[in-house]
Amino acid sequence: YPVSSQKRSWTFANEGQLMEFRVEQNSKYIESHEEEAQGRDLNEHFLTSAEERLLLKQYEIYLFDFCRRFEPTMPKCVVGTAFHYFKRFYLNNSPMDYHPKEILATCVFVACKVEEFNVSINQFVNNIKGDRNKATDIVLSNELLLIGQLNYYLTIHNPFRPIEGFLIDIKTRSNMQNPDRLRPHIDSFIDSTYYSDACLLHTPSQIALAAVLHAASREQENLDSYVTDLLFVSAREKLPGLIDAVRKIRIMVKQYQQPDREKVKAIEKKLDKCRNQANNPDSELYKERLRRLYTDEDDMPAEDASFHIADVSSDTSAMNISQ
């Protein structure tokens, strides 16, 4: 991890820096599409940065539910990697440009490949309700877009390996009886971190230690002496920074609040009107742009057949992950 692209390019100083990125992407989109408001108040026509954030929080819930229900059972590393991709993508893009419903599925599909969870595209879309041919087209057409927006940095360091290391070390060097009883609490804590920005701000080992210490407190165990007297006995100068990071991670998890569904529904209706139609598979602009990609008429997709991005029904739930 210390020499990884994750640390170098995708770990940030503080939440304020992340907010600046998100506000910047929101402003860029509004500036480039301002004429679409047709003189109306920009905040009424376009999503504000706060509305985008609320929307993405809801789609993070959908992402986790999709992974949890996935068949065959999805490894934890795939879930963690998919969340990394989703959060990274929307640091560089606005949800008004690319609908999170479509990017969500693509993030999970690419994560399956990277983490060597071998499922075919047909197996994958069988987990999606609605028009699976359309879902296939959307996922595959967004795959290269996602990879490019991630700057081709696809290797993700999740906290699962450090967690195993801590548990082995606790078994070996501490007095705790049966450290494996911490696992359910650890898993629950890691799941909760997905709804925060912890993975963009802290190292995998810091998140892992925060999960272990949280689990110990839930089991009425105290690992303070293990951390201070054993874990960092030869590097005490690093202890204050670690304690601060662990505290911030636990606060982030504790302070998380689920988005209000009624507010999210209103934002989604607003998004339908202000999203970039060039990236909307249901729009005529998108279909026309797709047709222009074909230079040979013989290569044009048949109107009646399997190329469902170019022949989309009006069913807005055709690719429905969230239900």
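Residues numbered from 1 in each chain as written. Predicted model: local features only at pLDDT ≥ 70, side-chain atom pairs only at ≥ 80, totals over all residues. Heavy atoms only, no water.

## Some points on the pattern of salt bridges
Put simply, the rule is: Any Lys or Arg side-chain nitrogen located within 4 Å of an Asp or Glu carboxyl oxygen qualifies as a salt bridge. Strands here mean DSSP runs of E at least two residues long; helices mean DSSP runs of H or I at least four residues long; both are numbered from the N terminus. Per-residue accessibility, obtained with a 1.4 Å probe over protein chains only, is compared with the maximum for each type, and a residue is labelled buried under 20%, exposed over 50%, and partly exposed between these values.
With the rule as written, the count across this model stands at 20 salt bridges. One salt bridge in this structure joins Glu221 and Arg181, with 2.4 Å as the shortest N-O distance. Residue Glu221 is located in the loop between α12 (204-218) and α13 (224-231), and its partner Arg181 is located in the loop between α9 (160-173) and α10 (183-193); the two are separated by 40 residues in the primary sequence. Residue Glu221 is classed as partly exposed on the basis of its relative accessible area of 28%. Judged by relative accessible area, which is 24%, Arg181 ranks as partly exposed. Two residues, Arg236 and Asp229, come together in a salt bridge whose shortest N-O distance is 3.8 Å. Given the relative accessible area of 43%, Arg236 is considered partly exposed. Several salt bridges converge on common partners, so that one network encompasses Glu164, Lys171, Asp180 and Arg183.

## Digging into the packing of aromatic side chains
Put simply, the rule reads: Only Phe, Tyr and Trp rings are paired, with Trp represented by its six-membered ring, and only when their centres lie within 6.5 Å; those with planes under 30 degrees apart are stacked, over 60 edge-to-face, the remainder tilted.
Across all of its chains, the model carries 17 aromatic pairs by this definition. Centre to centre, the rings of Phe64 and Tyr194 are 6.3 Å apart; their planes meet at 45 degrees, and the pair counts as tilted. Pair noted here: Phe64 is in helix α4 (residues 49-69) and Tyr194 is in the loop between α10 and α11 (198-201), with a separation of 130 residues, a long-range link. Side by side, Phe64 and Tyr194 carry an identical accessibility label, which is buried. Ring centres of Phe83 and Tyr195 lie 6.3 Å apart, and the angle between their planes is 80 degrees; on these two criteria the pair is classed as edge-to-face. Of this pair, Phe83 sits in helix α5 (residues 76-92) while Tyr195 sits in the loop between α10 and α11, and the two are 112 residues apart along the sequence.

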